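# Residue-level structural notes
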Amino acid sequence: MTFIENHAPAVKLIRQNLDSLQITTGYSILAADAITALQKLAARHTPSTPPFDFVFVDPPYAAHVEYARTLEFLATANFLAHDALVIFEHHHKFQLPEQFDRLRRTRILKQGDATLSFFLVT
């Protein structure tokens, strides 16, 4: 499991939560913005590295300009498995396209101000 978080207090909270659950191995935390961290994951990936099957993206709603950049990167990422699921949380008033390269939206779930868009890697 890999956590990507750019906000230092949130990184600290992730570490505290993992500690409280006594999770000491099997995870990494990349303290960076999404694109930089995704580039690092892509650079580290080799054919023998297991691909990611699941990605949950929860950017700040105000950063909607970055949504497309993140989806575009994930659409061509070498570390995602075929049929991987990418769930993208966003404000309900912000619409994401139905498809980004090999990411195809399969479901939308709206709850209050939040919307979850589910994409399948094809």
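The present account deals with the structure reproduced in this document. (Residues numbered from 1 in each chain as written. Predicted model: local features only at pLDDT ≥ 70, side-chain atom pairs only at ≥ 80, totals over all residues. Heavy atoms only, no water.)

### Re unusual backbone geometry
So the rule is basically this: Each helix is a run of DSSP H or I of at least 4 residues and each strand a run of E of at least 2, with the numbering of both proceeding from the N terminus. Only protein chains enter the area calculation, which uses a 1.4 Å probe; residues under 20% of their type maximum are buried, those over 50% are exposed, and those in between are partly exposed.
Even without being a glycine, Gln22 presents a positive backbone phi close to 60 degrees. You can see Gln22 is positioned in the loop between α1 (8–20) and β2 (28–31). Classification of Gln22 by relative accessible area gives exposed; the value is 70%. For Asp101, which is not glycine, the phi torsion reads 50 degrees and is therefore positive. Here Asp101 is to be found in the loop between β5 (99–100) and β6 (103–111).

### A few points about the sheet that holds strand β3 (residues 52–57)
Note the following rule: Following DSSP output, two strands are said to pair if at least two bridges run between them. We call two residues in contact when some of their heavy atoms are within 4.5 Å. Angles run from 0 to 180 degrees between N-to-C directions of axes, and those axes are lines fitted to C-alpha atoms, restricted for helices to the stretch in contact.
Strand order in the open sheet formed by five strands is β3-β4-β7-β6-β5, with mixed pairing between adjacent strands. Because the sheet does not close on itself, it has two edges, and the strands there are β3 and β5. Bridge count between β3 and strand β4 (residues 80–91): five bridges; the pairing is parallel. If you follow Val55 over to β4, its bridge partner there is Val86. Its contacts with the sheet place helix α3 (residues 64–75) against β3, β4, β5, β6 and β7 (114–121), and it is angled at close to 175 degrees to β4.

Nothing here speaks to function; it is geometry throughout.
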